Amino acid sequence: MNARWLAAACLPVLLCGCLEVDQHPGWKEGQYAGKRDNRHFQTRFHGDRFSWLAALMNRNDKQNEYNRANP
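About the cut-offs
- Residues numbered from 1 in each chain as written.
- Predicted model: local features only at pLDDT ≥ 70, side-chain atom pairs only at ≥ 80, totals over all residues.
- Heavy atoms only, no water.
- Helix = DSSP H or I, 4+ residues; strand = E, 2+ residues; numbered from the N terminus.
- Rg over C-alpha atoms; globule rule 2.2 N^0.38 Å.
- Areas by Shrake-Rupley, 256 points an atom, 1.4 Å probe, with all protein chains shown as cover.
- Lys, Arg positive; Asp, Glu negative; His and termini not counted.
- Charge placed at Lys NZ, Arg CZ, Asp CG, Glu CD.
- Phe/Tyr/Trp six-rings, centres within 6.5 Å; stacked < 30°, edge-to-face > 60°.
- Buried < 20%, exposed > 50% of the residue type's maximum accessible area, 1.4 Å probe, protein only.
- Expected span 1.5 Å × (residues − 1).
- Polar contact = N/O pair within 3.5 Å; in protein donor to acceptor, adjacent residues only side chain to side chain.
- Salt bridge = Lys/Arg side-chain N within 4 Å of Asp/Glu carboxyl O.

Draft legend 1. Here's a closer look at the overall build of the protein chain. Looking only at helices and strands, the protein chain features 4 helices and 2 strands. In sequence order, the protein chain lays out its α and β elements as α-β-β-α-α-α. Rg of the C-alpha trace for the protein chain: 27 Å, well past the compact-globule value of 11 Å for 71 residues, more than 25% over. Seen through its C-alpha atoms, the protein chain measures out along the principal axes to roughly 80 × 45 × 20 Å. Accessible surface, the protein chain as shown: approximately 7,500 Å² in total, 55% of it carbon and sulfur. Charge separation in the protein chain, taken as the distance between the mean sites of 10 positive and 7 negative side-chain charges, equals 4 Å.

Draft legend 2. Highlighting the packing of aromatic side chains. Counted by the stated rule, this structure contains 2 aromatic pairs. Ring geometry for W27 versus Y32: centroids 6.4 Å apart, planes at 80°, classification edge-to-face. Owing to a relative accessible area of 60%, W27 belongs among the exposed residues under this scheme. Consider the rings of F41 and W52, whose centres lie 5.8 Å apart with planes at 45°: the pair is tilted. Taken as a pair, F41 in helix α2 (residues 40-44) and W52 in helix α3 (residues 49-62) lie far apart in primary sequence, 11 residues in all. Neither F41 nor W52 differs from the other in exposure class; each is buried.

Draft legend 3. Expanded view of α3. Taking 1.5 Å of rise per residue, 14 residues should cover 20 Å, and α3 covers 20 Å from first to last C-alpha, within 8% of that figure. N-capping of α3 is provided by D48, with a side-chain oxygen placed 3.5 Å from the backbone N of F50.

Draft legend 4. Region of the structure containing the pattern of salt bridges. Tallied over the full model, the rule gives 1 salt bridge. Between D37 and K35 there is a salt bridge whose closest N-O contact spans 3.0 Å.

In structure tokens, the structure reads:
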């Protein structure tokens, strides 16, 4: 009776090791075959990299504490 309970208790532990799924995308002809991610400036700024850089510089200037302390 105890052996059955012990086997029932150990069965989920044994099955956990068998359920791992391969999480890496495949390779085709020596190259990465996964989904290609767009750059931030391509998705939010319609491909205009300079406006993206300007937005970053403006944001960084607003976070500068020296400019806030000495207006």
